Amino acid sequence: MSSFDDSDAFEAASSVSLSQRAMAAAPRPYLDGLNPAQRAAVETLEGPVLMLAGAGTGKTKALTARIAHLLLTGTARPNEILAVTFTNKAAREMKTRVATLLGQPVEGMPWLGTFHAICVKLLRRHAELVGLKSNFTILDTDDQVRLMKQLIVASEIDEKRWPARMLAGIIDNWKNRAITPDKVPSADAGAFNRRGPELYAQYQQRLKDLNAADFGDLLLHMVTIFQAHDDLLDQYRRWFRYILVDEYQDTNVAQYLWLRLLAGGHNNICVVGDDDQSIYGWRGAEVGNILRFEKDFPGAHVVRLEQNYRSTAHILAAASGVIAGNKGRLGKTLWTEGEEGEKVRLIGHWDGDEEARWVGEEIEAMQRGTRGMDPISPDHMAILVRASHQMRAFEDRFLTIGLPYRVIGGPRFYERMEIRDAMAYFRLAVSPTDDLAMERIINVPRRGVGPAAMQKIYDRASEESLSLTASVTSLVRDGKIATMGGKARTKVPELVEQIFRWHELARDPECSHVELAEMILEESGYIESYFQPRTKEEVDRGDPPKYKDVEAPGRLENLKELVKALEGFENLQGFLEHVSLIMDNEQESEEPKVTLMTLHAAKGLEFPAVFLPGWEDGLFPSQRAMDEEGMKGLEEERRLAYVGITRAERVCTISFAGNRRVYGQWQSQMPSRFIDELPEDHVEVLTPSGLHGHQNMGASASPVAGMMRGSDLHEAASRADVYNSPGWRRLQTNAAKPGLRQPSEARHMTIDAEAESAFSIGDRVFHQKFGYGAVISVEGDKLGIAFDKAGTKHVVARFLVAAGAAGDVPF
DNA sequence: TTTAGCATGCGAGAT
DNA sequence: GCATGCTAAA
């Protein structure tokens, strides 16, 4: 058991002096409200512990209480606990919650973080053991692919048949499995047209030359180091006396090995996870790790968290019924003391559009509080789809009816083009020899550098083993620069000069890095490249600058945010280091919104009302998963279904469509086999009232009554109610508020008197999602717009801005 | 170098 | 249906 007499060590904890007050306070308040299972998970401190935490069973509560327990009993000092998560979000949440339990910040927990963040920290200390310098750069996926492309071309491999992305996938896979180039198993030797292993070795060599590591390397290198240096490993084993791992079912082989190495000796490792929620097999996660835990760590305590605090009994029963179809589970039975609640609701639709329309109406109805249910705010509703392309139908529909929504999980902030471009500039300012950064931006904005010019720079660089920047300087020095195209001849040396000047400023402590960043984006012409070129007359006349395209305003907005994010850091270097932390790009607006996201993105979240559309064989479960992984793939899909259902607190609505457009082709769809697996007693089959024309699909033995066809009557029924709908009322209130930018007076002198809309036929407008277009019809607040790129759509006026009213210019 | 026009291929996506 | 990435033409 834990040593309560270790108060010396406890008080010696330098960074966080956990106050005596906390110690002396009521005995362990963090244990209050824990159920017996959670309590066991918290108090079993010594030896291996497997905390099997079903969905909604208070896993994070137990995990954070465990940390608090370790600290407040003096069993461990903050810096002796290694606590690993997968995402920055999870790490942050854990930090905050531990801080709440302790009643003070936890800066003193330096080893609470993601696998990658912790490995970076360790690897910087011991980089030389794998031939890197401690200031190595971390490549993003884009850099990796670019590098591999070069290697493929150099190896005279047909890049079309053997694309760099594929190689990246293969190498990533090896790294996930902790396979170094010399250890590629013979079964994999044929990969990438038999050249895979050799290219892998070359790639690793290139990384070393560049003093760089990719994400996979961070773990792989640490495993390599620990395997080769017993003394070092011992040191860390003594250092990290207690190990905690979140989402253990998502660990890959490399992470598993790393943990095993570190836990060896004391075996004080507590892993938390749920084999039924393992949905990341495709990116290397091995469910086997959690299934095998008791074998790997003999004598492990297994604690099952089965009391669910999230969902109603019906929802839990439905989820349990589905997941029971999987073999080889550790087995858990979720139960609740809560109410029975609504049965899981199931409804079939004619096609995907119909499904989206119904969901839209249902959301409005639930917002109003019909069907004997309390009203639910859109903030508390989510639509969870299997594949992101399913979102389109919903977005289109919601835009039409003016239902506010947010999409989670589009392209991440830091992987947007403009952010990466800007970051490349910053990287060059910090280190002008960063060739990958140079490669990225040498022709961004266009500086007339094509393949020919690039080749000359490369050639000189390799002749004299210089960086690309230095190579340009060298070419300038002996006049060879003149052999380049006219534009490149002047622009490229100009760029290099700028880089060196920025570099000076970056090292100057007097110079604010935020201002420097703005200066860089401005001077490089990068900002300007998002505006249309203006003639001298236009400038003289003081015409406002015009954005280059529909994307430009958003991109400039992102850059603004990037600069803002810089403020929180000491210098550019520090920022680059921590850039992955700015991924959260969410600025919450006051307006309640429905959430639209993938099932994968929804793991760990919960919503009072959840919609699960598209339950059709081939879409969900995905055909591809089944083709490629067979039974294993199907089981992972089934876990995904389980994750989906268990996100719901009060209402869970599953739906499917009989027809769906797949890659532009209409296909008739069969209801998902998972629908058959829903226990009938816990399912209510919905048939929207006022419908006729039932048409039996007859395709499934499921408890589905039949399909309904979108009919005139249905149309009429939904129309009649529209004035009472939340959407309509919302429009009324919004019309009174100064909402989005109003079109300027001058542009709308010709508004006809009867049109209440601020727009009239022929106006040029801009829409956040569909871009520019022209108004072709006006019906109250609903406008028909012929979009330049997106075709003709009906949109509510408040989603439109008059084109040309571009707004303020960043910087 | 830039661009329009056609072929291609398609899941989920943290770090 | 759409984005991506190539070839051909400007």
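Residues numbered from 1 in each chain as written. Chains lettered and ligands numbered in written order. Predicted model: local features only at pLDDT ≥ 70, side-chain atom pairs only at ≥ 80, totals over all residues. Heavy atoms only, no water.

Residues and numbers for the overall build of chain A, please.
Along the backbone of chain A there are 31 helices and 21 strands. A burial count over chain A gives 51% of its 811 residues as buried. (Helix = DSSP H or I, 4+ residues; strand = E, 2+ residues; numbered from the N terminus. Buried < 20%, exposed > 50% of the residue type's maximum accessible area, 1.4 Å probe, protein only.)

Explain unusual backbone geometry to me, and be specific about the residues and the numbers.
Backbone torsion omega between Val444 and Pro445 reads -5 degrees, so that peptide bond is classified as cis. You can see Pro445 is positioned in the loop between helix 19 (435–441) and helix 20 (451–463). Residue Pro621 is reached from Phe620 by a cis peptide bond, and omega for that bond is 10 degrees. Structurally, Pro621 is set in the loop between strand 13 (607–612) and helix 28 (623–645). Non-glycine residue Glu247 carries a positive phi angle of around 50 degrees. With respect to the secondary-structure elements, Glu247 resides in the loop between strand 6 (242–245) and helix 12 (253–263). Given a relative accessible area of 18%, Glu247 falls into the buried group.

I'd like a description of the nonpolar core, backed by residues and values.
With 70 residues, the main nonpolar core has Leu82, Phe226, Val245, Trp258, Leu259, Leu262 and Ile269 as its most contacted residues. The residues touching Val245, leaving out its near neighbours within four places in the chain, are Val84, Phe115, Thr251, Leu259, Ile269, Cys270, Val271 and Val272. Of all hydrophobic cores here, the second largest spans 46 residues; its members include Ile499, Ile520, Tyr526 and Leu566. (Core = buried A, V, L, I, M, F, W, Y, C linked by side-chain atoms within 4.5 Å. Contact = heavy atoms within 4.5 Å.)

Residue-level account of the pairing of strand 1 (residues 49–53), with values.
For strand 1, the buried fraction is high: five of the five residues fall into the buried class. Residues Val49, Met51 and Ala53 of strand 1 are buried on one face, and the alternating residues Leu50 and Leu52, pointing to the opposite face, are buried as well. Pairing geometry for strand 1 and strand 8 (residues 301–305), over five bridges, is parallel. Its bridge partner lying in strand 8, Val49 is registered against His301. (Pairing = 2+ DSSP bridges.)

Give me the protein's contact with DNA strand C: which residues, what numbers.
Lining the immediate surroundings of DNA strand C are Lys160, Arg392, Arg661, Tyr663 and Gly664. In this structure, Arg392 approaches DNA strand C through a side-chain N or O atom, which is 2.5 Å from a phosphate oxygen. Contact between DNA strand C and Tyr663: a base oxygen at 3.4 Å from a main-chain N or O atom of the residue. Looking at the surface near DNA strand C residue by residue, the class counts come to one nonpolar, one polar and three charged. (Near = heavy atom within 4 Å. Polar contact = N/O pair within 3.5 Å; in protein donor to acceptor, adjacent residues only side chain to side chain. Nonpolar A, V, L, I, M, F, W, Y, C, P; charged D, E, K, R; others polar.)

Give a description of helix 17 (residues 391–401) that names residues and reports values.
Because an α-helix packs 3.6 residues into every turn, residues spaced three or four apart end up facing the same way. Buried within helix 17 are the following residues: Met391, Phe394, Glu395, Phe398, Leu399 and Ile401. Downstream of helix 17 by a residue or two, Gly402 has a phi angle that is positive, lying close to 75 degrees.

If you had to explain the pattern of salt bridges to someone new, which residues and values would you point to?
For side chains bearing opposite charge, pairing can occur when the charged atoms are close. Evaluated as defined, the whole model comprises 39 salt bridges. Between Arg237 and Asp234 there is a salt bridge; the shortest N-O distance is 4.0 Å. Here Arg237 and its partner Asp234 are both found in helix 11 (residues 230–239), three residues apart, which amounts to about one turn of the helix. For Asp234, a relative accessible area of 34% puts it in the partly exposed group. The shortest N-O distance in the salt bridge between Glu636 and Arg639 comes to 3.6 Å. Separated by three residues within a single helix, Glu636 and Arg639 lie in helix 28, roughly one turn from each other. Taking relative accessible area as the criterion, Arg639 reaches 8% and is therefore assigned buried. Taken together, the salt bridges that share partners define one network made up of Lys59, Asp246, Glu247, Asp250 and Lys603. (Salt bridge = Lys/Arg side-chain N within 4 Å of Asp/Glu carboxyl O.)

Requested: an account of the environment of Cys511, with residues and values cited.
Tracing the chain through its elements places Cys511 in the loop between helix 22 (486–507) and helix 23 (513–523). Distance in space between the C-alpha atoms of Cys511 and Asn571 is 9.7 Å, their sequence separation being 60 residues. If we skip the residues at most four places from it in the chain, Cys511 touches Leu505 and Leu516.

Report on the sheet that holds strand 7 (residues 269–273), specifying residues and quantitative values.
In any sheet, the strands associate via hydrogen bonds between backbone groups, in a parallel or an antiparallel arrangement. Judged by pairing direction, the sheet is parallel, and its six strands sit side by side in the order 3-2-6-7-1-8 without closing on themselves. One side of each edge strand has no neighbouring strand; the edge strands of this open sheet are strand 3 (112–114) and strand 8. With direction set aside, neighbouring strand axes in the sheet form an average angle of 15 degrees. With three bridges connecting them, strand 2 (residues 81–85) and strand 3 associate as parallel partners. The residue bridging Val84 from the neighbouring strand is Gly113, located in strand 3. Across the sheet, helix 6 (residues 115–126) lies against strand 2, strand 3 and strand 6, angled at about 105 degrees from strand 3, the strand it touches most. (Axes fitted to C-alpha atoms, helices over the stretch in contact; angles between N-to-C directions.)

Could you give me a rundown of the environment of Val514, with the residues and numbers involved?
In this structure, Val514 sits in helix 23. Expressed as a C-alpha distance, the spacing of Val514 and Glu570, which sit 56 residues apart in the sequence, is 9.6 Å. Those residues within four positions of Val514 in sequence are excluded, and the remaining contacts are Val563, Leu566 and Glu567.

A description of a negative patch on the surface should follow, citing residues and the corresponding values.
Where like charges cluster on the molecular surface, the negative patch consists of Glu515, Glu518, Glu522, Glu528 and Glu567. The class of Glu567 is exposed, set by a relative accessible area of 54%. (Patch = residues over 30% accessible without salt bridge, like charges linked within 9 Å, V, L, I, M, F, W, Y side chains within 5 Å. Areas by Shrake-Rupley, 256 points an atom, 1.4 Å probe, with all protein chains shown as cover. Lys, Arg positive; Asp, Glu negative; His and termini not counted. Charge placed at Lys NZ, Arg CZ, Asp CG, Glu CD.)

Lay out the packing of aromatic side chains in plain terms, naming residues and giving numbers.
Applying the stated criterion across every chain, the model contains 17 aromatic pairs. Taking the centre distance of 5.8 Å and the plane angle of 65 degrees together, the rings of Phe115 and Trp258 count as edge-to-face. With a gap of 143 residues between them, Phe115 in helix 6 and Trp258 in helix 12 connect regions that are remote in the sequence. Across the pair, Trp258 and Phe115 agree in class, each one buried. Centroid distance Trp174 to Tyr200: 5.4 Å. Interplanar angle 25 degrees. Geometry classified as stacked. Here Tyr200 lies in helix 9 (residues 196–209) and Trp174 lies in helix 8 (residues 164–176), a separation of 26 residues in the sequence. Judged by relative accessible area, which is 1%, Trp174 ranks as buried. The buried category is assigned to Tyr200, whose relative accessible area is 0%. An aromatic cluster of at least three residues, connected via ring pairs, comprises Trp111, Phe226, Tyr236 and Phe240. (Phe/Tyr/Trp six-rings, centres within 6.5 Å; stacked < 30°, edge-to-face > 60°.)

Describe the side chain of Thr57, and please don't skip the residues or the numbers.
Residue position: Thr57 is located in the loop between strand 1 and helix 4 (59–72). A polar contact is formed between the side chain of Thr57 and the backbone oxygen of Gly54, at a distance of 2.6 Å. In this structure Thr57 touches Gln38, Leu305, Glu306, Gln307, Asn308, Tyr309 and Leu334, once residues within four positions along its chain are discounted.

Just give me the short version of the side chain of Asp351, but keep the residues and values in it.
Tracing the chain through its elements places Asp351 in strand 9 (residues 344–351). Within the buried set, Asp351 has no salt-bridge partner at all; the shortest N-O distance to an opposite charge, 6.9 Å, is to Arg357. At 2.8 Å, the side chain of Asp351 and the backbone nitrogen of Glu354 are in polar contact. With residues up to four places along the chain from it excluded, the contact list for Asp351 reads Ala657, Asn659 and Trp666.

Give a description of the packing of helix 8 against helix 9 that names residues and reports values.
The interhelical angle for the contact between helix 8 and helix 9, taken along N-to-C directions, is 80 degrees, at an axis separation of 11 Å. In terms of orientation, helix 8 lies roughly perpendicular with respect to helix 9. When helix 8 is examined against helix 9, the residues Leu167, Ile171, Trp174 and Lys175 are found in contact with a partner set consisting of Gly196, Pro197, Leu199, Tyr200, Tyr203, Gln204 and Leu207. Its residues assigned to classes, the contact of helix 8 with helix 9 comprises eight nonpolar, two polar and one charged. (Parallel < 35°, antiparallel > 145°, perpendicular 65-115°, else oblique.)

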